[in-house]
Amino acid sequence: MCVHANIEPLLWESEFFQIKSAKLNFSPRAPLVNSSKMSGYRLIQAKIPTDRVDLSDALYSLGFQWVTGEVDLVLTINMENQLTTSRLATVDDIPRLRQVAAEAFAASRFRAPWYHPQDSGRLYALWVEKAVQGTFDDQCLLLDDAQGQPAGFVTLRDLKNGAARIGLLALFPKMAGKGIGMQLMLAAKKWCQQRSLRRLHVATQINNIAALRLYIRSGALIENTAYWLYKGQK
Ligand SMILES: CC(=O)SCCNC(=O)CCNC(=O)[C@H](O)C(C)(C)COP(=O)(O)OP(=O)(O)OC[C@H]1O[C@@H](n2cnc3c(N)ncnc32)[C@H](O)[C@@H]1OP(=O)(O)O
Ligand SMILES: Cc1cn([C@H]2C[C@H](O)[C@@H](COP(=O)(O)OP(=O)(O)O[C@H]3O[C@H](C)[C@H](N)[C@H](O)[C@H]3O)O2)c(=O)[nH]c1=O
């Protein structure tokens, strides 16, 4: 089978990871992809729906390898009062948030052998810092435990179409088994409710059972599933 796609350069990622990267955008009207067209990049990414077995077979024959699976979920926000307390993270919280985010998302798609071992942590540390500053996601909510110690965070973005997206969500170390994840989800729903946003999107890796259980327990429904495949070259 032939693959028809446009090759979109990933400028931000190329600069941040120092790996010249691009992504395939599939369309039947796009030109045929071949190895010579991809040769200008050290890494080519492809995200495909899990039912496109034909596409995955074709990509394997072009030298792509499986990286991870991703599940997209959505929650409907009801307008009942969400009983939870969280606070907006401030610049003073950034150093600790960076530390936690750098460790928490180890199972991401920015992994070896395509990326350096520290790259994934660097990305998520910057992501949470920018959420506090409102320069990537809009805001970062922090949840404190009964002793006033930070227990977890969630970053959020208004998608400007009546919906929001969770960027990152994680517990602080030693905060597992206390229902903090559920509290973070309630805080995220309240954030949406205060802005009259009726849907909340969230995505995670297919092997992140704790996160999937949390989202489904919070009322999320699975919307889409996808595979990431990469072709790396010297
Ligand atoms: C958008 C994204 O960022 S996707 C990536 C998600 N984040 C990560 O992977 C970062 C690393 N992981 C984490 O931070 C956490 O594991 C999370 C956020 C994914 C999940 O957090 P939690 O759901 O709070 O996990 P926690 O360990 O506390 O709870 C696990 C279980 O204990 C239960 N539990 C234990 N004590 C309690 C309590 N006091 N109250 C309520 N539930 C409790 C939970 O119901 C849950 O039950 P389940 O396993 O049957 O589903
Ligand atoms: C910090 C930052 C990032 N970007 C760019 C870099 C990437 O091109 C995108 C983010 O891509 P996405 O596919 O959303 O990334 P992830 O695969 O890491 O995300 C999934 O897993 C996470 C752990 C998390 N659960 C997330 O919600 C999922 O979608 O953005 C940028 O351009 N500028 C930046 O500052």
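In the nomenclature of an unreviewed UniProt entry, the protein chain is known as dTDP-fucosamine acetyltransferase of Candidatus Fukatsuia symbiotica. Here is the UniProt Subunit (unreviewed entry) comment for the protein chain, exactly as written: "Homodimer."

Chemist: Hey, could you run me through the overall build of the protein chain in this one?
Modeler: Looking only at helices and strands, one finds seven helices and 10 strands in the protein chain. Computed over the C-alpha atoms, the radius of gyration of the protein chain is 19 Å, within 12% of the 17 Å expected from 2.2 N^0.38 for a compact globule of 234 residues. Counting only C-alpha atoms and orienting by the principal axes, one finds that the protein chain spans roughly 60 × 35 × 30 Å. Across the 234 residues of the protein chain, 32% fall into the buried class.

Chemist: Can you help me understand the sheet that holds strand S2 (residues 21-26) in this one?
Modeler: Strand pairs in the sheet, formed through backbone hydrogen bonds, run parallel or antiparallel to each other. Read from one edge to the other, the open sheet built from 10 strands follows the order S1-S2-S3-S10-S4-S9-S8-S7-S6-S5, with strand pairing classed as mixed. Looking at strand neighbours, the two that pair on one side only are strand S1 (5-9) and strand S5 (87-88), the edges of this open sheet. As defined by bridge partners, strand S8 (residues 163-171) adjoins strand S9 (residues 199-205) across three bridges and the pair is classed as parallel. Opposite Arg 165, over in S9, you have His 201 as the bridge partner.

Chemist: Would you mind showing me how to read the site of ligand 1 here?
Modeler: Not every one of the 22 residues close to ligand 1 is listed here, only the nearest: Leu 171, Ala 176, Gly 179, Gly 181 and Thr 204. Of all the secondary structure elements, the ones that give two or more residues to the shell around ligand 1 are S8, helix H6 (180-194), S9 and helix H7 (209-217). Partitioned by chemical class, the residues of the shell around ligand 1 number 14 nonpolar, five polar and three charged.

Chemist: Where do I start with the UniProt feature "active site" (unreviewed entry) in the protein chain in this structure?
Modeler: As recorded in UniProt, the feature "active site" (unreviewed entry) lies at Tyr 215. With respect to the helices and strands, Tyr 215 occurs in helix H7. Once residues within four sequence positions are removed from consideration, Tyr 215 is found in contact with Leu 73, Val 202 and Ala 220.

Chemist: For this particular structure, what's the right way to read unusual backbone geometry?
Modeler: With omega at 5 degrees, the peptide bond leading from Ala 112 into Pro 113 counts as cis. At Gln 18, a position not held by glycine, the phi torsion is positive, near 55 degrees. Positioned with a positive phi, Lys 160 is a non-glycine residue whose angle comes to about 65 degrees. On the basis of neighbour counts, which here come to 8 C-beta atoms within 10 Å, the residue Lys 160 falls in the exposed class.

Chemist: Looking at this model, I keep getting lost on the pairing of strand S4 (residues 65-76). Mind explaining?
Modeler: The two faces of a sheet get side chains in turn, since along a regular strand they alternate between them. Of the strand pairs in this sheet, S4 and strand S10 (residues 221-232) are connected by nine bridges, and their pairing is antiparallel. Each bridged residue has a counterpart across the sheet, and for Glu 70 the counterpart in S10 is Ala 226. Of the pairings in the sheet, the one linking S4 to S9 comprises seven bridges and is antiparallel in character. The partner of Leu 73 across the bridge, within S9, is Val 202.

Chemist: What is the right way to read the UniProt feature "binding site: acetyl-CoA" (unreviewed entry) in the protein chain from this model?
Modeler: What UniProt calls "binding site: acetyl-CoA" (unreviewed entry) maps, in this numbering, to Asn 208. Structurally, the position occupied by Asn 208 is in the loop between S9 and H7. For Asn 208, a count of 19 C-beta atoms within 10 Å translates into the label partly exposed.

Chemist: In this structure, what is going on with the site of ligand 2? I would like to understand it.
Modeler: By nearness alone, 14 residues border ligand 2, and Trp 12, Phe 105, Trp 127, Phe 136 and Ala 203 come closest of all. Listed by contribution, the elements that provide at least two residues to the shell around ligand 2 are helix H1 (11-17), helix H5 (119-133), S8 and S9. Looking at the shell around ligand 2 element by element, the count peaks at four residues for H5. Looking at the shell around ligand 2 residue by residue, the classes come out as eight nonpolar, three polar and three charged.

Chemist: Where do I start with the domain arrangement of the protein chain in this structure?
Modeler: Domain boundaries assigned for the protein chain yield domain 1 (5-70 + 228-232) and domain 2 (75-226). Counting residues at the interface gives 13 residues for domain 1 and 10 residues for domain 2. Taken together, the residues of the side of domain 1 that touches domain 2 break down into seven nonpolar, four polar and two charged.

Chemist: Hey, could you run me through the pairing of S8 in this one?
Modeler: The sheet contact formed by strand S7 (residues 150-158) and S8 spans six bridges and is antiparallel. Each residue of the ladder has a partner; that of Leu 156, found in S8, is Ile 166. Connecting the antiparallel pair S7 and S8 is a turn made up of four residues, with Lys 160 showing a positive phi of about 65 degrees. Read from S8 through H6 to S9, the crossover connection turns out right-handed.

Rules used throughout
- Residues numbered from 1 in each chain as written.
- Chains lettered and ligands numbered in written order.
- Predicted model: local features only at pLDDT ≥ 70, side-chain atom pairs only at ≥ 80, totals over all residues.
- UniProt positions renumbered as here; feature names shortened; annotations may be inferred.
- Helix = DSSP H or I, 4+ residues; strand = E, 2+ residues; numbered from the N terminus.
- Rg over C-alpha atoms; globule rule 2.2 N^0.38 Å.
- Buried ≥ 20, exposed ≤ 12 C-beta atoms within 10 Å, placed from the backbone.
- Pairing = 2+ DSSP bridges.
- Near = placed C-beta within 6 Å.
- Nonpolar A, V, L, I, M, F, W, Y, C, P; charged D, E, K, R; others polar.
- Contact = placed C-beta atoms within 7 Å.
- Domains from an automatic or database assignment.
- Right-handed = clockwise from strand over helix to strand, strands pointing away.

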